[in-house]
Amino acid sequence: VAVDVRSKVSGRILKLYVQEGDTVRQGSKLALLQPGRSELDKYVPIEITAPIDGVVYAALSNSNGNNEQANFPQPGDYATGLFESNNATALMTIADPRQMAVELKINEMDILKIKDRLAVEVSVDAITMETFTGVIGSIAPRAVKDTSNLKAFRVIVELNKHDPRLRAGMTARVEAVLEKRTK
């Protein structure tokens, strides 16, 4: 589970209370933001707090359609808020490493072969000779075009057991038995 942290209002970051890799509890202070466009605007600073327990990561930026890691915010950076834009600035991401999942993109020719709660095996390049069990947790109801202009559906695989060796961004392969035939 991962949640992007965004401010409701636009403004400048005055102070950061966390850095990438910190563990936080729900409600922990993350940043102090001065609302407004300039220093002349005299609004009361607001605190941005953690929406869930987890680990702080730099946000993933999808302004260009790619999930590229953004720079971690710094004091003085301007953040666009949710009230001002549909594309509000993601200040950071909080992820719960105990609820690790694998995100897949499945093409439209194969998506009908996959069913919700289908059992799968996951192998991770960095952890050789070991597989992890999981299930298909969700299947996006509609396809989106990727950078190659091909349609793909977002599929989330939920792992059955927490393993502290697993990290966000690791390369994984997912295998599933789609059909069994008996003689």
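Summary of the structure given here. (Residues numbered from 1 in each chain as written. Predicted model: local features only at pLDDT ≥ 70, side-chain atom pairs only at ≥ 80, totals over all residues. Heavy atoms only, no water.)

Thoughts on the sheet that holds strand 2 (residues 11–16)
Worth spelling out the cut-off: At least two bridges found by DSSP between two strands is the condition for calling them paired. Strands are runs of DSSP state E lasting at least two residues, helices are runs of H or I lasting at least four, and both sets are numbered from the N terminus onward.
If you trace the four strands from one edge of the open sheet to the other, you get 5-4-2-9, paired in antiparallel fashion. The open sheet has two free edges, formed respectively by strand 5 (46–49) and strand 9 (78–79), since each of these has just one partner strand. Note: strand 4 (residues 29–35) against strand 5, four bridges, orientation antiparallel. Looking at strand 5, one finds that Leu32 is bridged to Glu47.

Concerning the pairing of strand 13 (residues 127–139)
Relative to strand 13, strand 12 (residues 119–124) is paired through six bridges, and the arrangement is antiparallel. What sits directly across from Val120, in strand 13, is Gly134. Between strand 12 and strand 13, which pair antiparallel and follow one another directly, the connecting turn spans two residues. As judged from the five bridges shared by strand 13 and strand 15 (residues 151–159), these two strands associate in the antiparallel manner. Across the sheet, residue Ile136 finds its bridge partner in strand 15, namely Val157.

Section: the packing of aromatic side chains
Selection rule: Aromatic rings from Phe, Tyr and Trp, taking only the six-membered ring of Trp, are treated as a pair when their centres fall within 6.5 Å; an angle between ring planes under 30 degrees marks them as stacked, one over 60 as edge-to-face, and anything in between as tilted. Think of it as a cone above the ring: NZ of Lys or CZ of Arg counts as a charge over the ring if it is within 6 Å of the ring centre and within 35 degrees of the ring normal.
Throughout the structure, instances matching the rule amount to zero aromatic pairs. Between Lys29 and the ring centre of Tyr17, over which it is positioned, the NZ or CZ distance is 5.6 Å.

What to know about the nonpolar core
Most often, soluble globular proteins have nonpolar side chains that are buried together. To be explicit about the condition: Throughout, nonpolar core names a set of buried Ala, Val, Leu, Ile, Met, Phe, Trp, Tyr and Cys residues whose side chains join them through atoms within 4.5 Å. Throughout this description, buried means an accessible area under 20% of the type-specific maximum (1.4 Å probe, protein chains only), exposed means over 50%, and partly exposed covers the range between. For this analysis, residues touch if any pair of their heavy atoms sits within 4.5 Å.
Ranked by internal contacts, the top residues of the largest apolar core, which has 18 residues, are Val122, Phe132, Ile136, Val157 and Leu166. Only strand 11 (101–107), strand 12, strand 13 and strand 15 provide two or more residues apiece to this core. Looking at this core, the element that brings in the most residues is strand 15, giving four residues. Excluding residues that lie within four positions of it along the chain, Val157 makes contacts with Ala101, Val102, Leu104, Val120, Val122, Val135, Ile136, Gly137 and Val174. One finds Val5, Leu30, Ala58 and Ile94 within the second-largest nonpolar core, a separate group that totals 17 residues.

Re the pairing of strand 12
Only one face of strand 12 is buried, namely the one carrying Val120, Val122 and Val124, since none of Ala119, Glu121 and Ser123 on the opposite face is buried. Here five bridges tie strand 12 to strand 16 (residues 172–176), and the two strands are oriented antiparallel to one another. By the bridge assignment for strand 16, Val124 is matched with Ala172.

Digging into the environment of Arg154
Defined as follows: Between N or O atoms, a polar contact is any pair within 3.5 Å; within protein, one atom must be a potential hydrogen donor and the other a potential acceptor, and residues adjacent in sequence are included only when both atoms are from side chains.
Note that Arg154 resides in strand 15. Setting aside its immediate chain neighbours within four residues, Arg154 contacts Glu103, Leu104, Ser138, Ile139 and Ala140. A distance of 3.3 Å separates a polar atom in the side chain of Arg154 from a polar atom in the side chain of Glu103.

A short note on the pattern of salt bridges
Counted only if it meets this: Each salt bridge in this description consists of a side-chain nitrogen of Lys or Arg and a carboxyl oxygen of Asp or Glu lying within 4 Å of one another.
As enumerated under the stated definition, the model contains 13 salt bridges in all. Between Arg6 and Asp4 there is a salt bridge, with its nearest N and O atoms 3.3 Å apart. Judged by its relative accessible area of 33%, Asp4 is partly exposed. Here the salt bridges share partners, and the residues they tie into one network are Glu103, Lys105 and Arg154.

Remarks on the side chain of Ser10
Relative to the assigned elements, Ser10 resides in the loop between strand 1 (2–5) and strand 2. There is a polar contact of 2.8 Å between the side chain of Ser10 and the backbone nitrogen of Gly81. Ignoring any residue separated from it by four or fewer positions in sequence, one finds Ser10 in contact with Leu33, Gln34, Pro35, Gly36, Tyr78, Ala79, Thr80, Gly81 and Glu84.

Regarding the sheet that holds strand 3 (residues 23–24)
Pairing between the strands of a sheet is mediated by backbone hydrogen bonds and can be parallel or antiparallel. Overall, antiparallel pairing links the four strands, which are arranged 1-10-6-3 in an open sheet. Two strands in the sheet have a free side with no partner beyond their single neighbour: strand 1 and strand 3.

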